[in-house]
Amino acid sequence: GARTEGEIFYFSTLGYDINKIDCFDLYSYSSFVSIGDMHDLPCVSSSYDTCLLTHCITYSEQPLLAIQEVYRLLKPGGRLFISISLDNSVSSTKQKLDSERPKTGADNILSIQGYVELVESSPLDFKHSNVLISRSNPSMATVVFTKPYA
């Protein structure tokens, strides 16, 4: 759900090689972002160390399918980060923009605990960390899931 190259450039400031970062979204103007659906990505299984579903998971009408896809992509020991906004104004902004962009879900957005429970009740063998609440702007909640080694 990168949509723009902002996340890529941010990670480059932390020392990551932008040539080793893949970003996908349903649409984007950026040549740094590939077109793809988080529910069915054109990527080789077990090929990623880390996957981020930062704010995009709330746009999925089938969040478990998206999480299963990430599980497929992660190497053993790989990590999935799920972050959602805790800022109520984001929901009203999203509703305002819905008429201006393709339908992408988010009819029944879960809380961060809801995503944890969704994963825990699934057959996926993820282990998760504690939920981290960040009082940034906007405030957000993040949970990290780790795919165990075989």
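Residues numbered from 1 in each chain as written. Predicted model: local features only at pLDDT ≥ 70, side-chain atom pairs only at ≥ 80, totals over all residues. Heavy atoms only, no water.

A. Representation of a nonpolar patch on the surface in the model. Judged by side-chain polarity, Tyr 10, Leu 14 and Tyr 16 come together as a nonpolar surface patch covering roughly 360 Å² of accessible area. On the secondary structure map, Tyr 10 appears in helix 1 (residues 6-13). (Patch = residues over 30% accessible without salt bridge, like charges linked within 9 Å, V, L, I, M, F, W, Y side chains within 5 Å. Areas by Shrake-Rupley, 256 points an atom, 1.4 Å probe, with all protein chains shown as cover. Salt bridge = Lys/Arg side-chain N within 4 Å of Asp/Glu carboxyl O. Helix = DSSP H or I, 4+ residues; strand = E, 2+ residues; numbered from the N terminus.)

B. Quick look at unusual backbone geometry. Residue Ser 46 is not a glycine yet carries a positive backbone phi of 55°. When you line up the elements, Ser 46 lands in the loop between strand 2 (34-35) and strand 3 (48-54). Residue classification places Ser 46 among the partly exposed residues on the basis of a relative accessible area of 38%. For His 55, which is not glycine, the phi dihedral falls at a positive 75°. Its location among the elements puts His 55 in the loop between strand 3 and helix 2 (63-73). What makes His 55 partly exposed here is its relative accessible area of 29%. (Buried < 20%, exposed > 50% of the residue type's maximum accessible area, 1.4 Å probe, protein only.)

C. Main features of the state of the cysteines. Under the defined criterion, the tally for this structure stands at zero disulfides. Not part of a disulfide, Cys 43 finds its nearest cysteine sulfur in Cys 51, a span of 8.1 Å. (Disulfide = S-S within 2.5 Å.)

D. Inspection of the nonpolar core at higher detail. Counting residues in hydrophobic clusters, the biggest one holds 27 residues, and the most contacted among them are Leu 53, Ile 57, Ile 67, Leu 80, Ile 82, Phe 126 and Phe 145. If you list the elements that add at least two residues to this core, you get strand 3, helix 2, strand 4 (74-85), helix 4 (112-120) and strand 7 (140-146). It is helix 2 that contributes the most residues to this core, five residues altogether. Excluding residues within four positions of it along the chain, Phe 126 makes contact with Ile 67, Tyr 71, Leu 74, Leu 80, Val 119, Phe 145, Thr 146 and Lys 147. (Core = buried A, V, L, I, M, F, W, Y, C linked by side-chain atoms within 4.5 Å. Contact = heavy atoms within 4.5 Å.)

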